[in-house]
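Each chain, letter by letter, is given below.
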Number of protein chains: 2
Amino acid sequence: MPKVIDHDQRRREIVEVAKKLIAEGGFEAATMRSIVAAAGFANGALKYYFASKDGIIAATFDSVLQETAERMSMLDPDASPMEALQGFVEAAMPLDAHRITSARVLLVLWEHSVTNPDLARQYRDLLTTWRAELTRRIAAAWGAGEPPEAPAVGALADEIISVAIGANVASLMHPVGELVDRYTAYVDGLMRRIAG
Amino acid sequence: MPKVIDHDQRRREIVEVAKKLIAEGGFEAATMRSIVAAAGFANGALKYYFASKDGIIAATFDSVLQETAERMSMLDPDASPMEALQGFVEAAMPLDAHRITSARVLLVLWEHSVTNPDLARQYRDLLTTWRAELTRRIAAAWGAGEPPEAPAVGALADEIISVAIGANVASLMHPVGELVDRYTAYVDGLMRRIAG
C-alpha cells in the first residue's frame, strides 16, 4: 500500500517547527533551511507546502491567534457572566510560561506587520472580533446595566485589550514569570471595578 | 584651519537616519550599507562611530526611550498633581502621528530584545523608572490618600504602562490615527477614576 500523507497534518507540523524556532531565536532563526532541518523534511518537500517564508509566517501568525481564540472559547457553560468575562480576559494575559513564550512569536509577527499589510489586516481583524466579544461579556457582567455598544463598555474593552498586549510585551523583557503576580492583581482589580 | 568634526553630533545624525530607515522599512531596511548611503558618509566613517549594527540598534533604542523621557519630563511647573499625572500618562500614549510612527522603532527594538539580553535590560530599566515615577504621581493626584508603595497605586501604574505599550502596538495595525479617540477616552476615564 502506498504511504498516505496527511497534508494538513504536515502543514501544522511545519508551523509548529517555525513557531518553536522563532520563539527560541527570533525571526532570523526561522529560515527555510532551518525549518527544513528541524522538521526533518527534504528541501523540496517544504516548498510543496509553503512557497516562501512569508507564507509560513502568515500561517504561524494564524496558528498563534487560533490558540488564543481556542483558549478564549474554552468556557464552562455553567459559568456566571462574571466568570465568563474573567476567563476571557485571562485567556489573553501572559499568566504562565507557555503564553509568555508564545508572545515572542506574536512580537515577531507584529514587527513584520509594520511592513506587511496582510499580516496587519490579519491582526486588525482579530482585534475587532476580540473587542466585540469583550463588549458583549462586559455588558453581561457589569452591574451598571450598560449595553455592549455603550461608550463606557467600549472604553473598558479597549483598556483590557491594550493591557493584554502590553503585558505580553513587558513580560518578555523580564525573567519568565516575574510579572505574573502584577497581572493577576490587575485582573482581580478589574473584576472588582466591574462588580461595582 | 582643519575642519572640526563634532563627533557627538555625527553619532546623533547616524541614529536619526537609522530610526527613519527602521520606521519606514523595518529592521531589515536598516543595514550598515543603507545607513551609510542615507547619511551620506563614506563606509569607513560609519565604522568609526559604530562597530556593528548592534551598536547602532542599542543607540537607537536609547534615543527613542530618551525622547519619551523628555516628553515625560516637559512639565508645566505650575501644574496641579492631577495635570502632572495626566501629562505624564499622555506622554507615552500614541496620540499623534509622530509618536505612532516612533512606535515602529520600539516594536523592532522589543523584538530584538527577545534575543539580546542587553536591549531587554535597557528596556526593563526604563520600565522600572517609569513605574516609580508613575506611582509617585498617582499617589500625589489620588484622592484615596494612598502612598506610592500601596498595592492599589502599583496596580494602577502597571495598568497604565501596559495600556501605553499595548496602544502603541495596536495603533500600528491600523491606519495612522484611527485609534486616537479611543486612547484619549481611556486617559479621560482614568483621570475620572483617580479623581474619585
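Everything below is about the structure printed above this text.
All values derive from a computational prediction rather than experimental measurement. (Residues numbered from 1 in each chain as written. Chains lettered and ligands numbered in written order. Predicted model: local features only at pLDDT ≥ 70, side-chain atom pairs only at ≥ 80, totals over all residues.)

### Side note on the overall build of chain A
Logical step 1: The helix and strand inventory of chain A stands at nine helices and zero strands.
Logical step 2: For chain A, the α and β elements follow one another from N to C terminus as α-α-α-α-α-α-α-α-α.
Logical step 3: With respect to the principal axes defined by its C-alpha atoms, chain A has extents near 60 × 40 × 30 Å.
Logical step 4: Counting only residues that meet the buried cut, chain A has 36% of its 196 residues in that class.
Logical step 5: Within chain A, contacts between residues at least 6 apart in sequence are counted, and of these 64% link residues at least 24 apart. (Helix = DSSP H or I, 4+ residues; strand = E, 2+ residues; numbered from the N terminus. Buried ≥ 20, exposed ≤ 12 C-beta atoms within 10 Å, placed from the backbone. Contact = placed C-beta atoms within 7 Å.)

### Here's the deal with the packing of helix α6 (residues 97-113) of chain A against helix α7 (residues 117-141) of chain A
All names here are of chain A.
Logical step 1: Contact geometry for α6 and α7: axes closest at 7 Å, N-to-C directions at 120°. With respect to α7, the element α6 is oriented oblique. Contacts between α6 and α7 pair L109, H112 and S113 from the former with L119, A120 and Y123 from the latter.
Logical step 2: Residues that form the contact of α6 with α7 fall into these classes: four nonpolar, two polar and no charged. (Axes fitted to C-alpha atoms, helices over the stretch in contact; angles between N-to-C directions. Parallel < 35°, antiparallel > 145°, perpendicular 65-115°, else oblique. Nonpolar A, V, L, I, M, F, W, Y, C, P; charged D, E, K, R; others polar.)

### What about the relation of the copies chain B and chain A?
Logical step 1: The two copies are related by a screw operation: chain B maps onto chain A through 180° of rotation and 0.0 Å of translation along the axis, at an RMSD of 0.0 Å. Taken together, the turn and the small shift mark the pair as related by a two-fold rotation axis.
Logical step 2: Counting the interface residues of chain B, we find that 100% of their copies in chain A are interface residues as well, pointing to one common contact surface. (Least-squares fit on C-alpha atoms with pLDDT ≥ 70 in both.)

### Observations regarding the nonpolar core
Logical step 1: Counting 105 residues, the largest nonpolar core has A:A18, A:L107, B:A18 and B:L107 as the members making the most contacts within it.
Logical step 2: Those residues within four positions of B:A18 in sequence are excluded, and the remaining contacts are B:A30, B:I35, B:I56 and B:T60. (Core = buried A, V, L, I, M, F, W, Y, C linked by C-beta atoms within 7 Å.)

### Describing the interface of chain B and chain A
Logical step 1: Contact with chain B, which involves 34 residues of that partner, is made by 34 residues of chain A.
Logical step 2: Those elements that place two or more of their residues in the side of chain B that touches chain A are α6 (97-113), α7 (117-141), α8 (151-172) and α9 (180-195) of chain B.
Logical step 3: Examining the composition of the side of chain B that touches chain A, we find that 14 residues originate from one element, α8(B), more than from any other.

### Quick word on the packing of helix α1 (residues 7-25) of chain B against helix α2 (residues 32-39) of chain B
Residues and elements named next belong to chain B.
Logical step 1: Interaxial distance between α1 and α2 falls to 9 Å at its minimum, and their mutual angle equals 115°. Where α1 crosses over α2, the handedness of that crossing is right-handed. Where α1 approaches α2, its residues E13, I14, V17, A18 and L21 are matched on the opposing element by S34, I35, A38 and A39.
Logical step 2: Grouping the constituent residues of the contact of α1 with α2 by class yields seven nonpolar, one polar and one charged. (Left-handed = near helix turned anticlockwise from the far one by under 90°.)

### Some thoughts on α9(B)
Logical step 1: For α9(B), built from 16 residues, the straight-helix expectation of 22 Å at 1.5 Å per residue is met to within 8% by its first-to-last C-alpha distance of 23 Å.
Logical step 2: Looking at α9(B), one finds that the buried residues are B:R182, B:Y183, B:Y186 and B:L190. The buried residues of α9(B) occupy an angular sector of 95° when the element is viewed end-on, so they sit on one face. Across α9(B) from its buried face, at more than 90 degrees, point the exposed residues B:D181, B:D188, B:R192 and B:A195.
Logical step 3: Packing partners of the buried residues in α9(B) comprise α8 (151-172) of chain A together with α5 (81-91) and α8 of chain B.
Logical step 4: Downstream of α9(B) by one or two residues, B:G196 has phi in the positive range, about 75°. (Expected span 1.5 Å × (residues − 1). Arc of directions from axis to C-beta.)

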